[in-house]
Amino acid sequence: MVSLIRQVTFDCENSYALSKFWELVTGFSEHPEYPNNPEDEENLLVNPDGVDLLFINVPEEKSVKNRLHLDLGPDTTRDEEVERLIGIGAALVADHRTDDGKGWVVLADPEGNEFCVERSEAERTEP
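Residues numbered from 1 in each chain as written. Predicted model: local features only at pLDDT ≥ 70, side-chain atom pairs only at ≥ 80, totals over all residues. Heavy atoms only, no water.

Remarks on the sheet that holds strand 5 (residues 91–95)
Filter applied, for reference: Pairing between strands requires that DSSP locate at least two bridges from one strand to the other. Numbering of helices and strands runs from the N terminus; a helix is a DSSP stretch of H or I covering at least four residues, while a strand is a stretch of E covering at least two. Between the N-to-C directions of two axes lies an angle of 0 to 180 degrees, each axis being a line fitted to C-alpha atoms and, for a helix, fitted only over the stretch in contact.
Within the open sheet, the four strands sit side by side as 4-7-6-5. Their pairing is mixed. Both edges of this open sheet fall to strand 4 (70–72) and strand 5, since each of them pairs with a single strand only. Looking at each pair of strands side by side, their axes are set apart by 30 degrees on average, direction ignored. Direction of pairing for strand 5 relative to strand 6 (residues 105–108): antiparallel, over a ladder of four bridges. Bridging from a neighbouring strand, Ala94 pairs with Val106 of strand 6.

Regarding the pairing of strand 2 (residues 42–45)
Just so we agree on the cut-off: Accessibility here uses a 1.4 Å probe with only protein chains present; expressed as a share of the type maximum, an area under 20% marks a residue as buried, one over 50% as exposed, and anything in between as partly exposed.
Here strand 2 shows a buried face lined by Asn43 and Leu45 and an unburied face lined by Glu42 and Leu44. For strand 2 and strand 3 (residues 52–57), the ladder comprises four bridges, and the chain directions are antiparallel. Bridge pairing in strand 3 links Glu42 to Ile56. Taking the residues that link successive antiparallel strands as the turn, the strand 2-strand 3 hairpin has six residues.

Examining the confidence of the model for the chain
To keep things clear, this is the line we draw: On a scale of 0 to 100, pLDDT captures the predictor's confidence in every residue.
For the chain, per-residue confidence averages 93 on the pLDDT scale, and residues scoring 70 or more make up 99% of the total. By mean pLDDT, the top-scoring element of the chain is strand 5 (98), and the lowest-scoring one is helix 3 (residues 121–125) (91).

Details of the side chain of Asn36
Condition: The contact rule is simple, with two residues in contact once any of their heavy atoms fall within 4.5 Å.
Along the chain, Asn36 falls in the loop between helix 1 (15–26) and strand 2. What makes Asn36 buried here is its relative accessible area of 7%. Setting aside residues up to four positions removed in sequence, Asn36 forms contacts with Tyr16, Ser19, Glu30, Asn43, Leu44 and Leu45.

Brief notes about the side chain of Ser15
With respect to the element layout, Ser15 can be found in helix 1. Residue contacts for Ser15: discarding those within four places in its chain leaves Asp40, Glu41, Glu42, Asn43, Phe55, Ile56 and Asn57.

Focus: the sheet that holds strand 3
Sheet architecture is open: three strands sit in the order 1-3-2, paired in mixed fashion. Across the chains shown, the open sheet's two edge strands, defined by having one partner strand only, are strand 1 (7–12) and strand 2. The average undirected angle you get between the axes of adjacent strands in this sheet is 20 degrees. Set on the sheet, helix 1 makes contact with strand 1, strand 2 and strand 3; between it and strand 3 the angle comes to about 160 degrees.

A short note on the packing of helix 1 against helix 2 (residues 78–87)
Condition: Each angle is binned into one of four classes, with values under 35 degrees roughly parallel, values over 145 roughly antiparallel, values of 65 to 115 roughly perpendicular, and all other values oblique. Left-handed is the label given to a crossing in which the near helix is rotated counterclockwise from the far helix by less than a right angle, and right-handed is the label when the rotation is clockwise. As a working rule, the residues Ala, Val, Leu, Ile, Met, Phe, Trp, Tyr, Cys and Pro are called nonpolar, Asp, Glu, Lys and Arg charged, and the rest polar, with Gly in that last group.
In contact at an axis separation of 10 Å, helix 1 and helix 2 are set at 155 degrees when each is read in the N-to-C sense. When the axis of helix 1 is compared with that of helix 2, the two are roughly antiparallel. Once helix 1 is placed against helix 2, the crossing between them reads as right-handed. Residues Phe21, Leu24 and Val25 of helix 1 touch helix 2, and the partners they reach there are Glu81, Arg84 and Leu85. In terms of residue class, the contact of helix 1 with helix 2 is built from four nonpolar, no polar and two charged.

So, the pattern of salt bridges
Convention followed: In the sections that follow, a salt bridge refers to a side-chain nitrogen of Lys or Arg positioned within 4 Å of a carboxyl oxygen of Asp or Glu.
Taken as a whole and assessed by the stated rule, the structure comprises seven salt bridges. Ionic pairing is found between Lys20 and Glu23, a salt bridge with its closest N-O pair at 3.1 Å. With Lys20 and Glu23 both in helix 1 and three residues apart, the pair spans about one turn of that helix. For Glu23, a relative accessible area of 22% corresponds to the partly exposed category. Between Glu118 and Arg124 there is a salt bridge, with the nearest N and O atoms lying 3.7 Å from each other. A relative accessible area of 45% places Arg124 in the partly exposed class. Linked through salt bridges whose partners overlap, the residues forming this network are Arg78, Asp79, Asp95 and Arg97.

Structure below.
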């Protein structure tokens, strides 16, 4: 027996704004029967191929490094994706790219939740 991950939940100050950021990051969309609204306490992004993202308003601010984070594998190059994500509101936290092209970049979403951008599958399989 195993358990499947159905969704990842983000505690946040503004669930609507954060869902809009992650919508641009992932390409996930609102549930067609339950659209996201700025006044909602919860906002959902669905992924027809897997795990959904749920954003819930909480009164507490993020105070320390998150204990769970997402590792993203872009469909472009890692460096192109890092530039795109910074362009839509992510912040650079740490750059772990190496001279040989390996490594990853740590970014933070607009509420400070950290996530990593790894090399794309194509970059990982190049000699």
